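Here are the chains, one letter per residue:
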Amino acid sequence: MATARAIPSSQFFPPIVANFKSKNLQCFRFNFHYHHPGRRPSSFSPSLASSVRCSSNSPESSGSAASKPEVFVLTTPLYYVNAPPHMGSAYTTIAADAIARFQRLMGKKVIFVTGTDEHGEKIATAASANGRRPKEHCDTISQAYRMLWKDLDISFDKFIRTTDSSHEAIVKEFYSRVLEKGDIYRARYEGLYCVNCEEYKDEKDLDEHHCCPIHLKPCVPRREENYFFALSKYQKLLEEYLEQNQQFVQPSYRLNEVRSWVEDGLRDFSISRASVEWGIPVPNDGDQTIYVWFDALLGYISSLLEAGIEPNLQNAVSSGWPASLHLIGKDILRFHAVYWPAMLMSAGLSLPKIVFGHGFLTKDGKKMGKSLGNTLEPKNLVSRFGSDAVRYFFLREVEFGNDGDYSEERFINIINANLANTIGNLLNRTLGLLKKNCQSTLMVDSTIAASGNPFRQTVEGLVDKARLHFENLSLSTACASVLEIGNAGNLYIDEHAPWLKFKAGGASAEAAARDLVIILEAMRIIAVALSPITPSLCLRIYSQLGYSKDEFDAITWNDTAWGGLKEGQIMREPAPIFARIEIEDKEEGKDEDRPPKKASKMKKRLPQAQGAAQAQA
């Protein structure tokens with residue numbers, strides 16, 4: 001059992017904590033519950049929009065809602081730089097980017113925050129193993145994240161590094177504020193420490209081999225004198241907050257996990273390390289550094305500082321806090337839904353509106369790991385298939401919040417069926433018919449073309465569904481609703497057969513020209529509604545429809561309304577907007593009676609930034 005003994009804090013901070021009460025500490029137990037849930041609910045209703053609107057009532061908010069657009073602050077975790085980015089961190093960031101892009105379409109002023117967590121023992125160890133100084137190592141890995149985010153079309157607004165001097169100033173001020181509140185004290189601690197988790201563990205939290213259940217490595221005994229945060233003081237306040245704000249932790253089954261942790265009893269936790277040099281020094285105690293989580297969580301606030309502004313809490317908070325949404329993996333839910341709220345309460349700051357904990361990714365049904373040789377490298381995926389394919393697959397196929405699985409066969413089948421066939425082929429063959437029969441020119445306004453046609457109502461209904469799904473963070477079903485527009489378009493063109501009407505001539509040809517305008521208007525709406533998921537693909541669609549990049553960049557969700565295409569508009573030359581992923585047999589001399597084994601490779605991959613007019617088959 002880990003134990004801690006209190007030491008009068010006035011010995012260490014006499015000028016600051018003159019009336020700070022000493023504490024008699026009992027044993028500390030750090031309980032970590034690792035749930036392996038089975039089937040989860042298929043849907044939930046976060047009511048994100050209503051939750052975010054409450055931010056205007058916060059004392060940290062300023063300005064009039066009538067004169068300024070609503071601010072939407074969205075964060076990913078600050079990713080630990082002990083190793084290059086992996087698919088788990090890419091998945092979180094892709095999802096965050098889709099949410100950020102949707103909120104921009106809705107007219108919000110979005111502040112999309114991501115970045116890197118760069119302090120701690122594990123970082124120093126990784127740097128030493130690679131023959132680098134810690135800062136040099138951090139620079140290299142942090143840059144790798146930036147490069148991957150560029151490859152994945154991540155549209156972040158702020159990239160915070162916890163080694164930034166402005167961040168250090170915020171951390172020290174926050175620490176001092178919590179200290180003055182009487183919520184920090186010094187104590188001796190003895191327990192089992194997981195270096196990879198950067199946490200002390202209680203024995204009952206270890207597996208049967210006395211290893212960390214996450215990293216499967218032995219925890220090392222440690223005994224040191226640290227500073228502690230009085231988390232237990234906020235037991236009742238957190239219970240009340242969770243009861244009164246049931247949208248705070250999402251999905252709902254994650255809220256149940258958090259409640260069980262709190263109800264089990266909160267224990268004070270160590271917020272400094274005596275044995276770790278690579279970190280922010282504790283104010284007034286240069287022999288200790290601030291615990292990496294107490295440091296990194298404050299990156300969500302320090303990231304909001306505007307360039308050239310004095311780095312203090314007031315300036316940072318007034319620039320957008322509280323956050324509308326923290327997006328995290330479920331493995332760090334305790335830090336964000338228990339520790340972080342208590343820290344903010346102690347400092348007198350507002351809590352984030354929503355903490356959303358998504359699930360884990362597996363590959364071919366198995367947990368990924370270097371030791372298993374089945375890691376999924378996001379950089380390689382993007383290189384082989386392009387950012388649109390990677391973004392679409394993980395957001396469409398993984399129900400957001402639950403665990404998800406990747407297999408290359410399913411990846412290829414989904415991308416070919418949805419992007420290359422349903423969307424790409426529909427646009428290509430419609431533009432081909434328009435070129436052949438109408439000189440690539442629209443013969444009538446899209447509103448007139450669809451007058452009295454139930455297809456328009458079908459599209460409008462699916463657009464409304466997609467918007468609601470985006471608002472509720474149901475990204476998979478949002479994708480499905482937009483794809484249904486493509487399915488409806490394919491069914492429409494097959495049933496109406498405009499190629500036969502053109503051959504008949506006269507009134508039939510005129511009806512065929514209207515049919516093409518209807519399908520192309522549906523494609524324009526798809527380009528707007530799917531742009532949070534596949535921005536490069538949607539730009540290529542918009543370009544094929546005769547629009548410029550500037551016009552695409554200026555779209556809002558209002559542009560999903562029917563009636564955008566007008567008579568006389570000239571479409572671009574038809575060219576495939578998304579190349580199929582071809583599967584070729586690499587075996588030679590195989591038995592012809594045996595089913596051939598398949599190996600996948602891209603036939604030709606479209607450059608992500610090029611317009612549709614230059615796209616090659």
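Up top is the structure.
Bear in mind that the values here come from a model prediction, so they are computed numbers and not experimental data. (Residues numbered from 1 in each chain as written. Predicted model: local features only at pLDDT ≥ 70, side-chain atom pairs only at ≥ 80, totals over all residues. Heavy atoms only, no water.)

### Overview of helix 7 (residues 252-263)
This is how it is decided: Helical segments are the DSSP runs of H or I of at least four residues, strand segments are the runs of E of at least two, and each set is numbered from the N terminus. The span expected for a helix works out to 1.5 Å for each residue beyond the first. Each residue gets one of three labels from its accessible area relative to the maximum for its type: buried under 20%, exposed over 50%, partly exposed in between, using a 1.4 Å probe on protein chains only. The contact criterion used is simple: two residues touch if any of their non-hydrogen atoms lie within 4.5 Å.
Its twelve residues place the ends of helix 7 17 Å apart at the C-alpha level, agreeing with the 16 Å of an ideal helix rising 1.5 Å per residue. All of the buried residues in helix 7 are Tyr253, Arg254, Leu255, Glu257, Val258, Trp261 and Val262. Packed against the buried residues of helix 7 are helix 6 (235-244), strand 8 (249-250), helix 11 (333-347) and strand 14 (355-358). A positive phi of about 105° marks Gly265, the residue just after helix 7.

### Here's the deal with the pattern of salt bridges
Where charged atoms from two side chains of opposite charge approach closely, those side chains can pair. Note the cut-off: Think of a salt bridge as a Lys or Arg side-chain nitrogen and an Asp or Glu carboxyl oxygen that are within 4 Å of each other.
All told, the structure shown has 29 salt bridges when counted by the stated rule. For Glu306, the salt bridge is made with Lys158, and the minimal N-O distance between the two is 3.8 Å. Highlighted residues: Glu306 in the loop between helix 9 (299-302) and helix 10 (313-317) and Lys158 in strand 4 (residues 158-161), separated in sequence by 148 residues. A single network of salt bridges, built from pairs that share partners, joins Glu118, Lys135, Asp139 and Arg161.

### A look at the nonpolar core
Soluble globular proteins tend to pack their nonpolar side chains together in the buried interior. Selection rule: Grouping buried Ala, Val, Leu, Ile, Met, Phe, Trp, Tyr and Cys residues that are joined through side-chain atoms within 4.5 Å yields what is termed a nonpolar core.
Of all hydrophobic cores here, the largest spans 173 residues; its most connected members are Phe174, Ile301, Phe394 and Phe411. Counting residues per element, this core draws most heavily on helix 19 (residues 506-529), at 15 residues.

### Considerations on the side chain of Ser387
Counted only if it meets this: Within 3.5 Å is the distance limit for a polar contact, defined as a pair of N or O atoms, with the added protein rule that one can donate a hydrogen and the other accept it, and that residues adjacent in sequence qualify only through two side-chain atoms.
Position of Ser387 among the secondary structure elements: in helix 13 (residues 387-397). Within the structure, the side chain of Ser387 is placed 2.9 Å from the side chain of Asp153, a separation counted as a polar contact.

### Focus on the sheet that holds strand 10 (residues 272-273)
Quick reminder of the rule: For two strands to be treated as a pair, DSSP must find no fewer than two bridges joining them.
Pairing is antiparallel across the open sheet formed by three strands, whose spatial order is 10-12-11. Edge positions in the sheet fall to strand 10 and strand 11 (281-282), since each of these pairs with one other strand and no more. Here strand 11 runs beside strand 12 (residues 285-290); their pairing, made up of two bridges, is antiparallel. Looking across to strand 12, one finds that Pro281 is bridged to Thr289.

### So, the packing of helix 19 against helix 20 (residues 535-544)
Our working definition: For helices, the fitted line uses only the C-alpha atoms of the stretch in contact; every axis is such a line through C-alpha atoms, and the angle between N-to-C directions lies from 0 to 180 degrees. Roughly parallel means an angle under 35 degrees; roughly antiparallel means over 145; roughly perpendicular covers 65 to 115; every other angle is labelled oblique. A crossing counts as left-handed when the near helix is turned anticlockwise from the far one by less than a right angle, and as right-handed when that turn is clockwise. Here the term charged refers only to Asp, Glu, Lys and Arg, the term nonpolar to Ala, Val, Leu, Ile, Met, Phe, Trp, Tyr, Cys and Pro, and the term polar to all other amino acids, Gly among them.
It is the contact of helix 19 with helix 20, at a shortest axis distance of 8 Å, that shows an interaxial angle of 150°. As the angle between them shows, helix 19 and helix 20 are arranged roughly antiparallel. Considering the relative orientation of helix 19 and helix 20, their crossing is left-handed. Facing Met523, Arg524, Ile526, Ala527 and Val528 of helix 19, the residues of helix 20 in contact are Cys538, Ile541 and Tyr542. A class-by-class count of the residues in the contact of helix 19 with helix 20 yields seven nonpolar, no polar and one charged.

### What to know about the packing of aromatic side chains
Basically, it comes down to this: The aromatic pairing rule takes the rings of Phe, Tyr and Trp, using the six-membered ring of Trp, and pairs them if the centres are within 6.5 Å, calling planes under 30 degrees apart stacked, those over 60 edge-to-face and the rest tilted. Charge over a ring is defined by NZ of Lys or CZ of Arg lying within 6 Å of the ring centre and within 35 degrees of the ring normal.
The final tally for this structure, using the stated rule, is 31 aromatic pairs. Relative to Trp149, the ring of Tyr145 has its centre 5.6 Å away and its plane inclined at 65°; by these criteria the two rings are edge-to-face. Of the two residues, Tyr145 and Trp149 are both situated in helix 4 (residues 134-151); the distance of four residues between them amounts to about one turn of the helix. Trp149 shares its class with Tyr145; the two are buried. In this structure an aromatic cluster arises from ring pairing among Tyr91, Phe356, Phe385, Phe393, Phe394, Phe400, Tyr406 and Phe411. Sitting over the ring of Phe159, Arg146 keeps its end group 4.2 Å from the ring centre.

### Comments concerning unusual backbone geometry
The phi angle of most residues is negative, glycine excepted, and most peptide bonds adopt the trans form. Omega for the bond connecting Gln250 with Pro251 falls within 30 degrees of zero, at -10°, which places this linkage in the cis form. Looking at the element boundaries, Pro251 is found in the loop between strand 8 and helix 7. Omega for the bond connecting Trp321 with Pro322 falls within 30 degrees of zero, at 10°, which places this linkage in the cis form. Locating Pro322 in the fold gives a position in the loop between helix 10 and strand 13 (325-329). We note that Asn284 has phi near 70°; this positive angle belongs to a residue other than glycine. Here Asn284 shows up in the loop between strand 11 and strand 12. Using a relative accessible area of 52% as the deciding quantity, one classes Asn284 as exposed. In this structure, Ser440 is a non-glycine residue whose phi angle is positive, near 60°. Tracing the backbone shows Ser440 in the loop between helix 14 (408-438) and helix 15 (446-449).

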